[in-house]
Structure formats: structure tokens, C-alpha cells
Amino acid sequence: VQLQASGGGLVQAGGSLRLSCAASGRTFSSYAMGWFRQAPGKEREFVAVISWSGGSTYYADSVKGRFTISRDNAKNTVYLQMNSLKPEDTAVYYCAADQAFARLRLGSVEYWGQGTQVTVSS
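All values derive from a computational prediction rather than experimental measurement.

**Describing the overall build of the protein chain**
Within the protein chain one finds one helix and eleven strands. Element order for the protein chain, N to C, with α for helix and β for strand: β-β-β-β-β-β-β-β-β-α-β-β. Here the C-alpha atoms of the protein chain give a radius of gyration of 13 Å, agreeing with the 14 Å that 2.2 N^0.38 yields for 122 residues. Counting only C-alpha atoms, the protein chain reaches 40 × 25 × 25 Å along its principal axes. A separation of at least 24 residues holds for 57% of the contacts in the protein chain among residues at least 6 apart in sequence. Side chains of the protein chain give 12 positive and 8 negative charges; the mean places of these two sets differ by 5 Å.

**Points about the state of the cysteines**
The tally for this structure, following the rule as stated, stands at one disulfide. In this model, cysteine 21 is linked to cysteine 95 through a disulfide, with the two sulfur atoms separated by 2.1 Å. Of note, the bridge from cysteine 21 to cysteine 95 carries an S-S torsion of about 55° and is right-handed in sense. Within this pair, whereas cysteine 21 is found in strand β3 (residues 17–24), its partner cysteine 95 is found in strand β9 (residues 91–98), the two being separated by 74 residues in sequence. With relative accessibility at 0%, the residue cysteine 95 sits in the buried group.

Cut-offs and rules
Residues numbered from 1 in each chain as written. Predicted model: local features only at pLDDT ≥ 70, side-chain atom pairs only at ≥ 80, totals over all residues. Heavy atoms only, no water. Helix = DSSP H or I, 4+ residues; strand = E, 2+ residues; numbered from the N terminus. Rg over C-alpha atoms; globule rule 2.2 N^0.38 Å. Contact = heavy atoms within 4.5 Å. Lys, Arg positive; Asp, Glu negative; His and termini not counted. Charge placed at Lys NZ, Arg CZ, Asp CG, Glu CD. Disulfide = S-S within 2.5 Å. Buried < 20%, exposed > 50% of the residue type's maximum accessible area, 1.4 Å probe, protein only.

Laid out in C-alpha cells, this is it:
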């Protein structure tokens, strides 16, 4: 599985962005998908994960209620809708895939995409 993230940019605090991650490969629908982020000088951290069917999701406490992860298996794409953005959301965002939802939640990732920069100004 190859992953291509897009949709990052510069936004003011309180604004919104939607990230997309397009996957290649015929087995996309069998993978749990997730988003992670890495701020300057910090370790990469978990943001959100969605099961292969889209029926289960899980979020980091820091984004719960503001971010929504979704997927369209017909388009081989996973999304991260980010609302009420804060300056502390500034980071490079990475999409990720693993066959196990639980493993992905814990940061065990089989495939990483390249990152997309999100910058939130105050």
C-alpha cells in the first residue's frame, strides 16, 4: 500500500482544514487507517484511527470533538476533517495503514505516507 497525503496549509486559529490520504493497492479496504502528527522538536503522536469498515473510530484526547476521521473505500481515500484548529495543532500530519485497528492505535504502523504540513496561526 502506498499512501499520499494532501490538504495541509496555513489557517488561522478557529479555522478548518480537511486532509486527504489517497492509497494505492487493491487491499485498501482491508486496512485500518490512521493519522499521526509531529510538531517541531516533539515525537510523533497518534491523532485518530478508523477501522477497515469505517464502523469504529478512536481519537486522541487532544483532538476529540474537533477532528473527524472518515474513509471512502470506493475512492481508496481516508480523510481528516479538522475544525476549531488551535496553534498547538501545528505539525506535519502523516497518514498510516495497518491491518490491525488496535495496533494502529498504539502506533504500530505497517505503511506510512509522506507528511503534509499544517500550520495554525494565532
